[in-house]
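Listed below are the residues making up each chain.
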There are 2 protein chains.
Amino acid sequence: MSKKTKVKNSQKNRLSAEQKLAHLGKMLTAQIEKKNNPFFEVAIRALSNVTFNKEKSLIELGSEKQKRYFFNVGMAKKFMQTLLVGEACLMLQKEKKTTSLRDLYYIIKHTLGDSDENTVDEQEESDECIEDLEVGLDELRENLNLFASNRGSMVGEITIEDAGDTIDLRRLGTGGWSIPSIVESSLIKFKKVSAKYILMVEKDAIWRRLNEDKYWRQHKCILMHGQGMAPRGVRRLLYRLANELRLPVYILTDNDPWGFYIYSVIKQGSINLAYESMRMAVTHARFLGLSSHDPGKFKLSSNVMIKLNQQDISRAKQILQYPWFQKKKWQEELRVMLKNNVKLELEALSSKGISFIGEDYIPKKIRDKEWLE
Amino acid sequence: MSKKTKVKNSQKNRLSAEQKLAHLGKMLTAQIEKKNNPFFEVAIRALSNVTFNKEKSLIELGSEKQKRYFFNVGMAKKFMQTLLVGEACLMLQKEKKTTSLRDLYYIIKHTLGDSDENTVDEQEESDECIEDLEVGLDELRENLNLFASNRGSMVGEITIEDAGDTIDLRRLGTGGWSIPSIVESSLIKFKKVSAKYILMVEKDAIWRRLNEDKYWRQHKCILMHGQGMAPRGVRRLLYRLANELRLPVYILTDNDPWGFYIYSVIKQGSINLAYESMRMAVTHARFLGLSSHDPGKFKLSSNVMIKLNQQDISRAKQILQYPWFQKKKWQEELRVMLKNNVKLELEALSSKGISFIGEDYIPKKIRDKEWLE
């Protein structure tokens, strides 16, 4: 085993993103010097190459790969674009700066020589190259110093360090800490932790209610929201908190197929980002609610329920088929929703009193272990 | 002048939202006791009752009012809904709690007696009642303890107090402080201020770039973003910062009609929320860029420019007609955009270098007073 392979295999001494990018460049230069047709390999990111790993409870990318050649009419442009993106990422590494996907698109965009041809015309082109590099280099885009738009806030029983600043999330008022898009351990470190679990809610309005009532202080937890479908930064942070601090994670969403899907993406990853499930998916996350059984259990009035529309129904039927929704309780959950033909928003609990959600609903669910996994 | 009128007219001793709500209830009870048809007055919120006050540079609601009666087939339901909303708001005041518009909708929703009739069927109905109460009571919805969804973050040379917690915005890492929806002085107080101006950017990606480079530390400012069109919380906070601390405000948006419009809403309010311009509009805000003259001035390559589409063109022509865009320089700005037939995103500046925006563009614009008002 060469020294390099050893380094690569050791988790602690794994190559940095910068080293990997430089390595890619050297490899291509060597191919050119040998007068070979330069190429690099990229895993195929299509449903055909995605599987659900039941044991690990993860949506994973398979091992099918594609070689991308320079001397190939169909691949030359993409080859060039990927190298431009790689070059820009290497520059970011060297300058120790981060940037957005949109920014990167503009950084690499220029007209080729005297032609009318641009390196990239649409952002989708550079975005695809980024995904290729992520898979090819086995590196999160966040480690390539690229960020997505940030959404979501956090408060609770933890002190963190963010880019050298120590922030006590117990003392951030009504606003809370804005969860950034890049939350890797080089930037965000966990310090004094007094939380016993993490509560992740779909909606910022519910987050605000629970924060106003200082739910997290009374119940010793960390309170997060992702403003709908949790963005990458929120998922990755949740993953790090859950695994590094070994904390249970409870998810609270609307009772509709989209809410269930938000939960499932947090728990086992998504098809689109299957290649990153192992760094994002919180496999021990628990679905606290809203459950299709809640209206009966909590005696909710029928006029806070909303009739399913055609989209809801077909989405629910689709989810029923997903391998990661095959557990008996989930099948039942979905069937009851379809049978009753209604969905329920988190705000519907307010018809029982404005603080009912934090004073009764959540504590009861956790105490009685009434969650789905 | 009665004692009550005196109190109402004095800014310092003005009635609280709770007192105003209670007063509305008492007024109606008195009407009922006198066996009159109960009514209250609401200002008409339509374009016909909106004017642009050139002197104050504000979009204002006129004085036309409508009486809403209980014994009137067309008004009875709205009358009942408004009182339900008022009652819920009074409850919020008494419990010292805040809630979302969605939540409020569920709080007041119930079936009437044995009928199939609900108090409200859609959230639009309760939202309209909230606007009526805001205008009728001359009180921001935030003071009625209602919040919208929150967006936007802030860092910079200021220490604030948020619900009793002291937060130093110089030490919030890469994430920053999540700007809440309710930022009234009862919750958010300004403490140690070392900022000389406020820089408000349209996009969170640009905010992140400037925060990473610690632009705000070097240039002694407060850095905010509103993630696109600034939500009410961001606008209100900007208003308070600008007026209470007497700080200049610079706005940075994309160079397109939507960017111009974002600026204009911050500066003189919007038609929809005309009744709140005086508590939201930052009349001395300055538009720093991107200007239609920037491509030439900063030698930007033509391939970072984007051709206007039909929507852009018709929006630009519409804005050309607005009374608040009649200043010579604004007319020129819009005409140049239409003539060149291109728009420009903030990220386009990255083609000149990733930190060009903070190291060159903004400092030059401020130094040379190259802004539009």
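Residues numbered from 1 in each chain as written. Chains lettered and ligands numbered in written order. Predicted model: local features only at pLDDT ≥ 70, side-chain atom pairs only at ≥ 80, totals over all residues. Heavy atoms only, no water.

### Some details on the overall build of chain A
So, step 1. What chain A contains, in helices and strands, is 14 helices and 17 strands.
So, step 2. At 23 Å, chain A has a C-alpha radius of gyration in line with the 21 Å of a compact globule built from 373 residues.
So, step 3. Taken along the three principal axes of its C-alpha coordinates, chain A extends 75 × 45 × 45 Å.
So, step 4. For chain A, the proportion of its 373 residues judged to be buried stands at 57%.
So, step 5. If you take every contact in chain A between residues at least 6 apart in sequence, the share linking residues at least 24 apart comes to 72%.
So, step 6. Of the accessible surface of chain A, which amounts to about 16400 Å², a share of 50% is contributed by carbon and sulfur atoms.
So, step 7. Treating the 61 positive side-chain charges of chain A as one cloud and the 49 negative ones as another, the clouds have centres 7 Å apart. (Helix = DSSP H or I, 4+ residues; strand = E, 2+ residues; numbered from the N terminus. Rg over C-alpha atoms; globule rule 2.2 N^0.38 Å. Buried < 20%, exposed > 50% of the residue type's maximum accessible area, 1.4 Å probe, protein only. Contact = heavy atoms within 4.5 Å. Areas by Shrake-Rupley, 256 points an atom, 1.4 Å probe, with all protein chains shown as cover. Lys, Arg positive; Asp, Glu negative; His and termini not counted. Charge placed at Lys NZ, Arg CZ, Asp CG, Glu CD.)

### Concerning the relation of the copies chain A and chain B
So, step 1. Expressed as a screw transformation, the operator carrying chain A onto chain B has a rotation angle of 180° and an axial translation of 0.0 Å, and the superposed copies differ by an RMSD of 0.0 Å. The two molecules are tied by a two-fold rotation axis, judged by turn and shift. (Least-squares fit on C-alpha atoms with pLDDT ≥ 70 in both.)

### As for the sheet that holds strand β9 (residues 165-168) of chain A
Residues and elements named next belong to chain A.
So, step 1. Across the sheet, three strands lie side by side as β9-β8-β11; this open sheet has antiparallel pairing. Both outer strands of the open sheet, β9 and β11 (188-193), are each paired with one neighbouring strand and no more. Sheet twist, expressed as the average angle between the axes of neighbouring strands with direction ignored, equals 25°.
So, step 2. Seen against the sheet, helix α8 (residues 232-244) touches β8 (158-162) and β11 and runs at an angle of roughly 45° to β11. (Pairing = 2+ DSSP bridges. Axes fitted to C-alpha atoms, helices over the stretch in contact; angles between N-to-C directions.)

### Focus: the sheet that holds strand β8 (residues 158-162) of chain B
All names here are of chain B.
So, step 1. On the basis of which strands lie adjacent, the open sheet formed by three strands has the order β9-β8-β11 and antiparallel pairing. The sheet is open, and its two borders are formed by β9 (165-168) and β11 (188-193), each paired with just one other strand. The average angle at which neighbouring strand axes cross in this sheet is 25°, direction not considered.
So, step 2. For β8 and β11, the ladder comprises four bridges, and the chain directions are antiparallel. Residue D162 lies in a different strand from β11, and its bridge partner there is I188.

### Some remarks on the interface of chain A and chain B
So, step 1. Between chain A and chain B, the residue contacts involve 58 residues of the former and 58 residues of the latter.
So, step 2. The contact between chain A and chain B buries some 4500 Å² in all, and 46% of this surface belongs to carbon and sulfur atoms.
So, step 3. Applying the counting criterion to the chain A and chain B interface returns six salt bridges.
So, step 4. With its nearest N and O atoms 2.1 Å apart, the salt bridge here joins E345 of chain B to R102 of chain A.
So, step 5. There are 34 residue pairs in polar contact (both at pLDDT 80 or more) connecting chain A and chain B.
So, step 6. Per-class residue counts for the side of chain A that touches chain B are 17 nonpolar, 22 polar and 19 charged. (Buried area = accessible area lost by both parts, 1.4 Å probe. Salt bridge = Lys/Arg side-chain N within 4 Å of Asp/Glu carboxyl O. Polar contact = N/O pair within 3.5 Å; in protein donor to acceptor, adjacent residues only side chain to side chain. Nonpolar A, V, L, I, M, F, W, Y, C, P; charged D, E, K, R; others polar.)

### Observations regarding empty space enclosed by the protein
Any empty space left between atoms is shown by rolling a water-sized probe over those atoms.
So, step 1. For the structure shown, the criterion picks out six cavities of 30 Å³ or more.
So, step 2. Roughly 110 Å³ of internal volume is contained in the largest cavity.
So, step 3. What lines the largest cavity is a set of 15 residues, and nearest its centre among them are G152 and S178 of chain A together with G152, S178 and Q227 of chain B.
So, step 4. In terms of residue class, the lining of the largest cavity is built from one nonpolar, 12 polar and two charged.
So, step 5. Lining of the second largest cavity is provided by N255, S292, P295, M305, V336, M337, N340, V342, K343 and L344 of chain B. (1 Å grid on protein atoms, 1.4 Å probe; cavity = no way out; pocket = protein on both sides within 12 Å on 5 of 7 lines; lining within 4 Å. Points joined across faces, edges and corners; volume = space filled by probe spheres on them.)

### Remarks on the pattern of salt bridges
So, step 1. The final tally for this structure, using the stated rule, is 70 salt bridges over all chains.
So, step 2. Residues R232 of chain B and E142 of chain B are paired through a salt bridge, measuring 2.8 Å at the closest nitrogen-oxygen approach. Highlighted residues: R232 of chain B in helix α8 (residues 232-244) and E142 of chain B in the loop between α5 (123-137) and β6 (146-147), separated in sequence by 90 residues.
So, step 3. Overlapping salt bridges bring together R45, R68, K78, E128, E131 and D132 of chain A as one network.

### As for helix α2 (residues 17-33) of chain A
Since the α-helix packs 3.6 residues into each turn, any two residues three or four apart lie on the same face.
Residues and elements named next belong to chain A.
So, step 1. If you check α2, its first and last C-alpha atoms are 24 Å apart, about what 17 residues at 1.5 Å a residue would give, namely 24 Å.
So, step 2. The set of residues buried in α2 consists of A17, K20, L21, L24, L28 and Q31. Along α2, the residues classed as buried sweep out an arc of 100° about the axis, all on the same side. Across α2 from its buried face, at more than 90 degrees, point the exposed residues K26 and E33.
So, step 3. Immediately downstream of α2, the backbone of K35 shows phi near 60°, a positive value. (Expected span 1.5 Å × (residues − 1). Arc of directions from axis to C-beta.)

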